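Residue-level structure breakdown
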Amino acid sequence: EDEKKRAYGERILQVEKSYFTPVVFSTSGIIGNEADKLYKQIAVRLSEKTGQSYPDSIRYIRQRLSFCLLKTLVVSLRGHRGSSPKRYTDRNDYNILYLIKNNEIN
């Protein structure tokens, strides 16, 4: 995390006037400190917007993340088979992306 922040943080702050939070996972699935804070912030804001409890929101985010990482691992080990995957087929994922895109979750 620290290496990524040093490499990209200053440039992003100067050029894009924004902040950089690396989302880092170990090969055993352990989440980095910055990524954990990010997911907790997203869960808090998601629970406020949707009316769900915080534990339900964080559980949902972590489950979706686990499945996404698992899919990526499987594809990297055996290669992609079949037709290309459809994007955003899960309605809940689309709703989260819509809220973020429209700046309803800051």
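It should be noted that the structure appears before, not after, this text.
The paragraphs below set out a description of the structure included in this document. (Residues numbered from 1 in each chain as written. Predicted model: local features only at pLDDT ≥ 70, side-chain atom pairs only at ≥ 80, totals over all residues. Heavy atoms only, no water.)

Some words on the overall build of the protein chain
Secondary structure assignment for the protein chain yields four helices and zero strands. Starting at the N terminus and ending at the C terminus, the protein chain contains elements arranged as α-α-α-α. A burial count over the protein chain gives 17% of its 106 residues as buried. A separation threshold of at least 6 residues defines the contact pool for the protein chain, and within that pool the share at least 24 residues apart is 33%. In the structure as shown, the protein chain presents an accessible area of about 8,600 Å², 53% of it carried by carbon and sulfur atoms. (Helix = DSSP H or I, 4+ residues; strand = E, 2+ residues; numbered from the N terminus. Buried < 20%, exposed > 50% of the residue type's maximum accessible area, 1.4 Å probe, protein only. Contact = heavy atoms within 4.5 Å. Areas by Shrake-Rupley, 256 points an atom, 1.4 Å probe, with all protein chains shown as cover.)

Details of the environment of G29
By secondary structure assignment, the location of G29 is in the loop between α1 (2-15) and α2 (33-50). Its relative accessible area of 48% is what places G29 among the partly exposed residues. Separated by 41 residues in the primary sequence, G29 and L70 place their C-alpha atoms 9.8 Å from one another.

Some details on α2
Under the 1.5 Å per step criterion, the end-to-end length of α2 is 26 Å for 18 residues, consistent within 8% with the ideal 26 Å. Within α2, burial applies to A35, Y39, A43, L46 and S47. Angular distribution of buried residues about the axis of α2 spans 105°; they occupy a single face of the element. In α2, the exposed residues that point more than 90 degrees away from the buried face are N33, K37 and E48. (Expected span 1.5 Å × (residues − 1). Arc of directions from axis to C-beta.)

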